[in-house]
Number of protein chains: 2
Amino acid sequence: MNIVGQRARRPDALDKVKGTARYIDDMALAGTLYAGVLRSPHTHARILRLDTARARQMPGILTALTAKDIPGKNIIPLIQPDQPMLAETEVNHIGEGIALVAGEYRVAVEAALAAIEVEYEPLPPVLTLEEAYEQQRIMAHWKIRRGDVKAAFAQAAIVIENSYHTPYQEHAYIEPNGMLAQPDGMGGVTVHGSMQCPFYVQKAVASILGLGLNQVRIIQMVTGGGFGGKEDAPSVPAAMTALLAVKTGRPVKLIFTREDDMTVMSKRHPGWIKYRSAFTQAGELLAVEVLYVLDGGAYATLSPAVLWRGINHAAGPYRCPHAHVDAYAVRTHKAPCGAFRGFGEPQIVFAAESQMDLAAEKLGMDPLEIRLNNALEVNDETITGHRLAGSVGLKEVIRKVVTAADWSAKRQSYAQSCAGSVRRGIGLAACYYGVGLGSLGRFLNPAGANVLVSGDGSVTLAVGTTEIGQGMVTVLAQIAAETLGSPMECVRVLPPDTSQVPDSGPTVASRTTLMSGNAVRAACLEIRGRMKPLLEGKSLPWADQVRLCVENQVHLAAQGWATPPKTTYDPETGQGEVYITYSFSANVVEVEVNADTGEVLVTRIYSGHDVGKVINPTTGEGQIEGGALQGLGYALVEEHAVQNGRIINNQFSTYIIPTAMDTPEIMPIIVEHEYAWGPYGAKGLGETPIIAVAPAVTGAIVQAVGLRLFEIPATPERVWQALRRKEAG
Amino acid sequence: MNIVGQRARRPDALDKVKGTARYIDDMALAGTLYAGVLRSPHTHARILRLDTARARQMPGILTALTAKDIPGKNIIPLIQPDQPMLAETEVNHIGEGIALVAGEYRVAVEAALAAIEVEYEPLPPVLTLEEAYEQQRIMAHWKIRRGDVKAAFAQAAIVIENSYHTPYQEHAYIEPNGMLAQPDGMGGVTVHGSMQCPFYVQKAVASILGLGLNQVRIIQMVTGGGFGGKEDAPSVPAAMTALLAVKTGRPVKLIFTREDDMTVMSKRHPGWIKYRSAFTQAGELLAVEVLYVLDGGAYATLSPAVLWRGINHAAGPYRCPHAHVDAYAVRTHKAPCGAFRGFGEPQIVFAAESQMDLAAEKLGMDPLEIRLNNALEVNDETITGHRLAGSVGLKEVIRKVVTAADWSAKRQSYAQSCAGSVRRGIGLAACYYGVGLGSLGRFLNPAGANVLVSGDGSVTLAVGTTEIGQGMVTVLAQIAAETLGSPMECVRVLPPDTSQVPDSGPTVASRTTLMSGNAVRAACLEIRGRMKPLLEGKSLPWADQVRLCVENQVHLAAQGWATPPKTTYDPETGQGEVYITYSFSANVVEVEVNADTGEVLVTRIYSGHDVGKVINPTTGEGQIEGGALQGLGYALVEEHAVQNGRIINNQFSTYIIPTAMDTPEIMPIIVEHEYAWGPYGAKGLGETPIIAVAPAVTGAIVQAVGLRLFEIPATPERVWQALRRKEAG
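All values derive from a computational prediction rather than experimental measurement. (Residues numbered from 1 in each chain as written. Chains lettered and ligands numbered in written order. Predicted model: local features only at pLDDT ≥ 70, side-chain atom pairs only at ≥ 80, totals over all residues. Heavy atoms only, no water.)

Colleague: Lay out the domain arrangement of chain A with the relevant residues and their values.
Modeller: All names here are of chain A. Each assigned domain of chain A is listed with its residue range as follows: domain 1 (24-124 + 177-255), domain 2 (271-375 + 387-438 + 572-728) and domain 3 (446-562). Its C-alpha centre places domain 1 at a distance of 37 Å from the equivalent point of domain 2. Listed per partner, the contact involves 19 residues of domain 1 and 21 residues of domain 2. For the domain 1 and domain 2 pair, buried surface summed over both sides reaches about 1,700 Å², with 59% attributable to carbon and sulfur atoms. Where domain 1 meets domain 2, there are one salt bridge. With a shortest N-O distance of 2.8 Å, D82 and R331 are connected by a salt bridge. Scanning the region where domain 1 abuts domain 2 turns up seven residue pairs in polar contact (both at pLDDT 80 or more). (Domains from an automatic or database assignment. Contact = heavy atoms within 4.5 Å. Buried area = accessible area lost by both parts, 1.4 Å probe. Salt bridge = Lys/Arg side-chain N within 4 Å of Asp/Glu carboxyl O. Polar contact = N/O pair within 3.5 Å; in protein donor to acceptor, adjacent residues only side chain to side chain.)

Colleague: Could you give me a rundown of helix α12 (residues 394-405) of chain B, with the residues and numbers involved?
Modeller: Residue and element names in this part refer to chain B. With twelve residues, α12 ought to run about 16 Å at 1.5 Å a step, and its terminal C-alpha atoms sit 16 Å apart, in line with that. Taken together, the buried positions of α12 are L394, K395, V397, I398, V401, V402 and A405. Axial view of α12: buried residues confined to an arc of 160°, hence all on one face. Close packing links the buried residues of α12 with α11 (367-374), α13 (407-416), β16 (422-434), β21 (582-594), β22 (600-610) and β25 (665-671). Looking one or two places after α12, you find D406, whose phi comes out positive at around 60°. (Helix = DSSP H or I, 4+ residues; strand = E, 2+ residues; numbered from the N terminus. Expected span 1.5 Å × (residues − 1). Buried < 20%, exposed > 50% of the residue type's maximum accessible area, 1.4 Å probe, protein only. Arc of directions from axis to C-beta.)

Colleague: I'd like a description of the relation of the copies chain A and chain B, backed by residues and values.
Modeller: The operation relating chain A to chain B is a screw motion whose rotation component is 180°, with 0.0 Å of axial translation and a residual RMSD of 0.0 Å. Expressed as an axis order, the relation between the two copies is that of a two-fold axis. Taken as a fraction of all interface residues of chain A, those also at the interface in chain B reach 100%, which identifies the copy contact as same-surface. (Least-squares fit on C-alpha atoms with pLDDT ≥ 70 in both.)

Colleague: Before we move on, could you go through the sheet that holds strand β19 (residues 491-493) of chain B and cite the residues and values that matter?
Modeller: Residues and elements named next belong to chain B. An order of β19-β18-β17-β20 is seen for the four strands of this open sheet, with the pairing classed as mixed. This sheet does not close on itself; its edge strands, each paired only once, are β19 and β20 (557-562). Each strand of the sheet is rotated relative to its neighbour by a mean of 20°, with strand direction disregarded. Sheet analysis places strand β18 (residues 459-463) next to β19, joined by three bridges and oriented parallel. From the neighbouring strand, V459 faces β19, where its bridge partner is V491. In this fold helix α15 (residues 512-535) packs onto β17 (447-453), β18 and β20, with an angle of close to 140° to the strand it touches most, β20. (Pairing = 2+ DSSP bridges. Axes fitted to C-alpha atoms, helices over the stretch in contact; angles between N-to-C directions.)

Colleague: Give me the lowdown on empty space enclosed by the protein, citing residues and values where you can.
Modeller: Residue and element names in this part refer to chain A. This structure, assessed with the given rule, holds eleven cavities of 30 Å³ or more. There is about 290 Å³ of room inside the largest cavity. Considering the residues around the largest cavity, the lining is formed by 24 residues, among which Q83, V236, V264, M265 and P336 are closest to the centre. Its residues assigned to classes, the lining of the largest cavity shows 13 nonpolar, seven polar and four charged. (1 Å grid on protein atoms, 1.4 Å probe; cavity = no way out; pocket = protein on both sides within 12 Å on 5 of 7 lines; lining within 4 Å. Points joined across faces, edges and corners; volume = space filled by probe spheres on them. Nonpolar A, V, L, I, M, F, W, Y, C, P; charged D, E, K, R; others polar.)

Colleague: Explain helix α6 (residues 198-209) of chain A to me, using residue names and the numbers behind them.
Modeller: Residue and element names in this part refer to chain A. Taking 1.5 Å per residue, twelve residues should reach 16 Å; α6 reaches 16 Å between its end C-alpha atoms and fits that length. Most of α6 is tucked away: ten of the twelve residues are buried. Within α6, burial applies to P198, F199, Y200, V201, Q202, A204, V205, A206, I208 and L209. At its buried positions, α6 is contacted by β10 (189-193), β11 (216-220) and α7 (235-248). Note on α6: the residue one or two positions beyond its end, G210, has a positive phi of about 70°.

Colleague: Explain the nonpolar core to me, using residue names and the numbers behind them.
Modeller: Ranked by internal contacts, the top residues of the largest apolar core, which has 113 residues, are Y275(B), V288(B) and I383(B). With ten residues, helix α10 (residues 345-363) of chain B is the largest single contributor of residues to this core. Setting aside chain neighbours within four positions, we find V288(B) in contact with V149(B), F153(B), Y275(B), R276(B), S277(B), A315(B), C320(B), H322(B), A323(B), H324(B), V325(B) and I383(B). Grouped together as the second largest cluster of nonpolar side chains are 112 residues, I144(A), A315(A), F343(A) and V697(A) included. (Core = buried A, V, L, I, M, F, W, Y, C linked by side-chain atoms within 4.5 Å.)

Colleague: Account for the sheet that holds β25(B), with residues named and values stated.
Modeller: Residues and elements named next belong to chain B. Pairing is mixed across the open sheet formed by four strands, whose spatial order is β16-β21-β22-β25. Either end of the sheet is taken by a strand with one partner, and the two such strands are β16 and β25. When strand polarity is set aside, the average angle formed by the axes of neighbouring strands in this sheet is 15°. Pairing of β22 with β25 involves seven bridges; the strand directions are parallel. Considered in β25, the bridge of R604 is made with E665. Across the face of the sheet, α13 comes into contact with β16, β21 and β22 while running at roughly 140° to β16.

Colleague: Tell me about the packing of α10(B) against α11(B), and name the residues and values.
Modeller: Residue and element names in this part refer to chain B. Running from N to C, α10 and α11 point in directions that differ by 115°, and their axes come no closer than 8 Å. Relative to α11, the element α10 is oriented roughly perpendicular. In the packing of α10 onto α11, the handedness of the crossing is right-handed. Residues E353, M356, D357, A359, A360 and L363 of α10 lie in contact with α11, whose contacting residues are P367, I370, R371 and N374. For the contact of α10 with α11, a count of residues per class yields six nonpolar, one polar and three charged. (Parallel < 35°, antiparallel > 145°, perpendicular 65-115°, else oblique. Left-handed = near helix turned anticlockwise from the far one by under 90°.)

Colleague: With reference to specific residues and values, describe the environment of L368(B).
Modeller: The topology assignment puts L368(B) in helix α11. In this view, L368(B) contacts I398(B), V402(B), W407(B) and L428(B); residues no more than four positions away in its chain are not counted.

Colleague: Break down the pairing of strand β14 (residues 285-297) of chain A for me, with residues and values.
Modeller: Residue and element names in this part refer to chain A. Of all 13 residues in β14, twelve are buried, a share of seventy percent or more. Bridge count for strand β13 (residues 271-279) against β14 is nine bridges, and the pairing is antiparallel. Paired with Y275 across the two strands is V290, which belongs to β14. Here β13 hands over to β14 after five residues, with G283 in that stretch at a positive phi of 80°. Looking at chain direction, β14 and strand β15 (residues 322-331) are connected through ten bridges and run parallel. If you follow E289 over to β15, its bridge partner there is H324. Read from β14 through helix α9 (residues 303-312) to β15, the crossover connection turns out right-handed. (Right-handed = clockwise from strand over helix to strand, strands pointing away.)

Colleague: Any chance you could break down the pairing of strand β20 (residues 557-562) of chain A for me, citing the residues and the numbers?
Modeller: Residue and element names in this part refer to chain A. The element β20 is extensively covered by neighbouring structure, given that six of its six residues are classed as buried. Judged by which residues are buried, β20 turns out to be covered on both faces: A557, Q559 and W561 on one side and A558, G560 and A562 on the other are all buried. With six bridges connecting them, strand β17 (residues 447-453) and β20 associate as antiparallel partners. When the bridges of β20 are listed, G448 appears paired with W561.

Okay, structure coming up:
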């Protein structure tokens, strides 16, 4: 292979660096109106009166709308029909929209928002996950019933039982949400914006406006990051903007402030995990008994799906013959939580991997040894009873990571040097990730791609998945060029446009290389197959090959499809071949903990991944570095201060994320156990880098200062307090 | 069939009537610059000096460009590489562009244009077709050498020989040319505009900017008429606008004034036809000997192709065993002539059909009889030696038209009443039209279509051909709905976008229903085929069929292709199966001629057409009515006053076209001899309605006042003068 597997430069890099890339706020149509959203100041209240009459009359104001003005259904269509676009009778979280205004100028819009008259009757809110679970405010419940847990615990040599807590995490994409909608002059509407999943947005806009899907055209602009935060959440601003555009007949733009974005948009679910594990004396995992609770916020959005992925990976990447797991998403009066890189795994993996460390400690084993003892191999079964037929590189990943890190020597040396303020430790954690949507999302699984070779040999790809910084356009261009036999420079990937390509599902779940890659490859294979007879025995440059084919009226465009192999699932037992394949990962983390201040400095991460086949080592390593760093933020610093249901730190000056200065040495290690159905053997790499970072960090902290954290992030305050408590008690 | 063949309402009608349809001048991007073109005041001159320095410095001006600023090739790519986008050393017609300006305001642009310094050295121009032919300024030459013409003339009972002249005709589209170009933020450019052939525009812009085809995205806006005038000609304003956009980094708009549009854009070629025909005593056409000359103007553009179609139909729709035809396009110092509905046929058919009348007169036959004697039937050969295998409805068309018109009775009655000022006459003429591009344009022939069925059952069609008022979107929506089994209301046809669909050739040559129709049908058949197994034995509404298929992951999008059957052509003899099929047409026209004033009033047209199969009788009749009226303009009033190479009547106040008030009763008659390869049997209908109008009109004038015109239009002035000459001599 000449192109796949080689380092290739991102075609979108230069435009982003130069500032010529066009984000949604760079798009300027003449006559565009500003949009504003009136938002609830209450966590929970009844709306007694809502009057926009005065606002409508204000200078520069074109319209002011409430739920009554919605021509279609006032519901954001997703898993459960519970979230209105505009609250009508009751608000359920701070920042929930209740009215919209469009006007000529921003000041006019702000004045009009202030002139809308609202009377609320405050109602008692439920604000914590524990309270919501106690009150059984359940929005989703999944379970695993596998083997004989009772018997397994009875025969166990050791049992480890703990309770874990994980925090909110912000996606902290550099570009806040933004949309620009315009009437298309044909009774429909076109919406440009920042997003991950144009087809979700299309469904929402169509449903709220009461239009056919082919009257709603959604076009993704260059998008400044998503990480799951722009999966379903952009449907709300898109639908709001589209409604204002249709009502005014003018283009309408809505760009969120960072404060609004952090206040109302989705974030990683806070989690609470009660985890009980049974091991044999030899350190074999026998059984787990788990209660996994996520704080879903006010509306279900993607919580049922996030929870489902979490439960499917509840035991980590290990054999686990007996399991009894209950997972719940509960409803609180806070902004909805939703998709976030890792998608329900980072929370439970923090618990599962901490349990592994604790068992090893209790059994006097090395954390590496207990993991190798239990690690999934070909023909093993996952916790969902999925017997793995192939492409299971976990043991190789673990071995390569510990070798690169010089694990055993460091483990020994750090254990011996525990004097002084700054103490060192090394930790290990592993995970796996079911690639793609799995059996729960199987209806969204197929992906299509249109490939068009022009007469000059230039190639245009249109796909339904999006570039959100992860490198999709590079990877797909490489797959196309490799398959067609063209230079990669010939290939251009268009911004997704729902009118142009089949619904290819969302850009999530590490599925893009696999699904769009297979669709692109299928289309290119078809074109190549049509070209082949003419080129037999000839050795021509690409442009001449194309010229010859055009002269002979060979069709040089094709549509490719990818439909994944079948999956299975039994909701009563949680058993089945729930995903088509799995990526595997392990991290070794080295830390320096200042025992006086509680500061934790991560100095190195060795991050290993079995991705099947890496299409582009450079963007692959970029995913690993980015994921590792985002995982460090989760492990060390990121959390929300919530007071009475209000997020206090809703700016980057108060919500702290790691910067370039905080970045340790990251050593990406890629292992390739090819997946037969993957394009050139590829699986996925988007999410494994973030999942098993936190438990490796906390494991390393244990070695450094003997402190086991059952709650993250390991902020200096939390570590310092815990160290003082430990000293005291 | 439930939908094909039924009257359907145009989906685009309401938007056009309400004024919500968006034409290019309705498109408004913030920061758009005005563009201006500095145009030559000379027919022919050397450019001695061209200095934009002062213009560039003027307030509000962003740039002023000349040919030297073109990064690619300064050539509009078409058949011959002779036309620059901006003249560099020599201008060859009045209005030719030599410099471009972009500025913030129109007044600034106009001032800057005036500030550009140019020195010309005037050169002697060649202004008439005859002069150019004498000087052998030949830009294209085609010939037919068939049978033994000499022997045929020797044995002929009668020989008719005459010279004919036909005028310029303006397309008179209601919307002048206009383009809006914008940099795409990825090194490429997007151009929206009014056009017929986005892929021609794409090639021109890419070549002039030196970009790959996949970096140039052309999107057609709602287009206010084309008639051939927006086939290739919009490439020039598109490339100008794109160059300014790339150079300034801003959106740039160029909307032609009517005066500029009429001065520089293409028009129907003036023609001169020397025609000699040989007949037997029984009125059988034995042979023709023809010299056919078209005034191509300064650059070749499409003249070679226009001329080629003309020669291929040189004898009209009749058997013609012996033929010797030479056709030339000649170069003059006037704006280039180009494509116009009928494409080189109306000129020569005016001559050929006049010859038929004259032969009938000489032989004492009825014009109907001589045509039925010679009319092409299945298994007959055309003048190019094409043996017609099927779908030849000419005789049925002629019979239906004369029956509807009550030809024989009227012919007799008008012949007897020739007293008074106002005298009546009835005329007949026929034609045929090779559908599609034929063997000359075979590389442009394939067409593709993307059909996308969304989850709610709504359907999106993307094709590479354009709606230009002719009804394409209606016809394609009907074909899609018929083939899918969906309601027609579900189907939406997108505006063409070169990045979205394969190059499907131009929207010309009555090929759109045939080519895009077949491509749409192929895609729909594929989708229907995938749906079928699931629907076996079920009777569900369309939306439920789709839902069931989506649940079962059936791919509901497909790309369809149409590649026409092979054609042949020998340029030495002009013989071959030059088109894949032919549409046939005949008109009966009734006139009232005022012998005192020369005014010709057409009171009725019976316009018959064998279209294979009519997809939509309503839009089909619309094509017939529009074509007939445009043919009447050609026959009666339209011509350009040219003084020293300058068109004097370049506004609608001076260039007269028929209005609704001038419209006679038009009786459309559709005959269906299905064409096996056509979608549901369809051929084409765009052009036959205009071709054989003028000779039917002049034939009717002969009956009314005994005056045979060898030159059109039959303006009152021309008729009055001819009548006076006739009286005099």
